[in-house]
Amino acid sequence: MVNITDLTQEELESLELTQQELEELERARAMPITFDEDCPEITPEQARRFRRVNPVKRTIN
């Protein structure tokens, strides 16, 4: 992980989104979600049975 205060001015500028990228994000926000056979919508029953593949491990520190 990088601390933002350690970045140079050029690195900070390279992180900023361009106008074209911002417009692309706005278009994507306006688009509806579409499902296909590779990624069908989850039914309420499937959502209730959902389990994480790698459950969060809770440890006491």
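Everything below is about the structure shown above.
In this text the structure is predicted, and so the values were computed from the model without any measurement.

1. What to know about the pattern of salt bridges
Thought 1: Enumeration over the complete set of coordinates arrives at two salt bridges.
Thought 2: Between Arg29 and Glu26 there is a salt bridge whose closest N-O contact spans 2.5 Å. Of this pair, Arg29 and Glu26 both sit in helix α2 (residues 19-30), separated by three residues, roughly a single helical turn.
Thought 3: Its relative accessible area of 60% is what places Arg29 among the exposed residues.
Thought 4: Glu26 sits in the partly exposed class, given a relative accessible area of 48%.
Thought 5: A salt bridge links Arg48 to Glu45; the nearest nitrogen and oxygen atoms lie 3.1 Å apart. With Arg48 and Glu45 both in helix α3 (residues 44-49) and three residues apart, this pair spans about one turn of that helix.

Calculation notes
- Residues numbered from 1 in each chain as written.
- Predicted model: local features only at pLDDT ≥ 70, side-chain atom pairs only at ≥ 80, totals over all residues.
- Heavy atoms only, no water.
- Salt bridge = Lys/Arg side-chain N within 4 Å of Asp/Glu carboxyl O.
- Helix = DSSP H or I, 4+ residues; strand = E, 2+ residues; numbered from the N terminus.
- Buried < 20%, exposed > 50% of the residue type's maximum accessible area, 1.4 Å probe, protein only.

The analysis is restricted to geometry; functional conclusions fall outside its scope.
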